[in-house]
Amino acid sequence: MPDWPIHIIVPLLALLIVGRKEDKKYILLLLPLAIVPDFDSFVDQHRMLLHNIFLPMLFLFLGMIIKQKKAIFVIAAVYLASHVFMDMFDGGVVLFYPFYNKMAFVDASLSLSISNKLIWVFDYGFKGYSNEWMIANGYISDSIGTAALIFILLAGVCTVYRNRRRQL
Ligand SMILES: [Zn+2]
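A few points on the structure. (Residues numbered from 1 in each chain as written. Predicted model: local features only at pLDDT ≥ 70, side-chain atom pairs only at ≥ 80, totals over all residues.)

### Re the pairing of strand β2 (residues 118-127)
Our working rule: Partly exposed residues are those whose C-beta has more than 12 but fewer than 20 other C-beta atoms within 10 Å; with 20 or more the residue is buried, with 12 or fewer it is exposed, and the C-beta atoms are placed from the backbone. Secondary structure elements follow DSSP: runs of H or I no shorter than four residues count as helices, runs of E no shorter than two count as strands, and numbering proceeds from the N terminus. Two strands pair if DSSP finds at least two bridges between them.
Counting buried residues along β2, only 0 of its 10 residues qualify, which leaves the element largely exposed. Pairing of strand β1 (residues 103-112) with β2 involves 10 bridges; the strand directions are antiparallel. Across the sheet, residue methionine 103 finds its bridge partner in β2, namely lysine 127. Taking the residues that link successive antiparallel strands as the turn, the β1-β2 hairpin has 5 residues, and the phi of asparagine 116 there is positive, at about 60°.

Now the structure itself:
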């Protein structure tokens, strides 16, 4: 199971930066969508069934049709797409499932070796879907991820508290 904090924090931050004030409540209410793709683990199709380009595209399409609710559909699409995008950089996703069953991946990292040398990795392409991906296992949130979530949560609590005081 990939880390959820980064899946939650990154699109939340992006949407709060870009989003309009009146859409803020939808940005918060739809936040759980950021982790919904990982529920494909429960049907043994992890990184496949809900980790593809078509699900966010469906929401964008609905936003184009139902114009009054466009913001809601676009926000939903951003949450789903950001999850897929980030997982693509973390092992890969079956991006064009069910039409093309290979995993699209990007590997882009910068690290420091024991001898203090910078190691830059950049690789991308398609690779076969290994059955190890079918069931996700591992951290839902590692320790630093939990710390990051607590930090963001505290910011949220402070905002609510400040707004309450302003209203008094
Ligand atoms: Zn995922």
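What follows picks up the thread again.
### Some remarks on the packing of helix α1 (residues 4-18) against helix α4 (residues 70-88)
Between two packed helices, both the angle of their axes relative to each other and the distance between the axes serve to describe the pair. Formally: Whenever a helix is involved, its axis is fitted only over the stretch in contact; in every case the axis is a line through C-alpha atoms, and angles between N-to-C directions fall within 0 to 180 degrees. Any angle between 65 and 115 degrees counts as roughly perpendicular, while under 35 counts as roughly parallel, over 145 as roughly antiparallel, and the rest as oblique. In a left-handed crossing the near helix is turned counterclockwise from the far helix by less than a right angle, and in a right-handed crossing that turn is clockwise. A residue pair is marked as a contact if its C-beta atoms, positioned from the backbone, fall within 7 Å.
Taken N-terminus to C-terminus, the directions of α1 and α4 make an angle of 135°; their axes are 10 Å apart at the nearest point. Considering their axes alone, α1 and α4 lie oblique with respect to each other. Considering how the two elements wind past one another, α1 and α4 form a crossing that is right-handed. From α1, Ile6, His7, Val10, Pro11 and Leu15 reach across to α4, where they touch Ile75, Val78, Tyr79, Ser82, His83 and Met86.

### Let's talk about α1
What counts here: The span you would expect from a helix comes to 1.5 Å times its residue count less one. Taken from the helix axis, the directions to the C-beta atoms give the arc we talk about.
Compared with an ideal rise of 1.5 Å per residue, which puts 15 residues at 21 Å, α1 spans 22 Å between its outermost C-alpha atoms and is within 8% of the ideal. Those residues of α1 lying buried are Pro5, His7, Ile8, Pro11, Leu12 and Leu15. Seen along its axis, α1 keeps its buried residues to an arc of 170°; they face one direction. Exposed residues pointing more than 90 degrees away from the buried face of α1 are listed as Leu13, Ile17 and Val18. Considering only its buried residues, α1 is in contact with α2 (24-29), α4 and α5 (143-167).

### Describing unusual backbone geometry
Here the amide bond leading from tyrosine 97 into proline 98 is cis, since omega sits at 5°, within 30 degrees of zero. Within the fold, proline 98 resides in the loop between α4 and β1. Its identity is not glycine, yet aspartate 44 carries a phi of approximately 55°, on the positive side. Position of aspartate 44 among the secondary structure elements: in the loop between α2 and α3 (54-65). Phi is positive for asparagine 116, close to 60°, though the residue is something other than glycine. As for its position among the elements, asparagine 116 is in the loop between β1 and β2.

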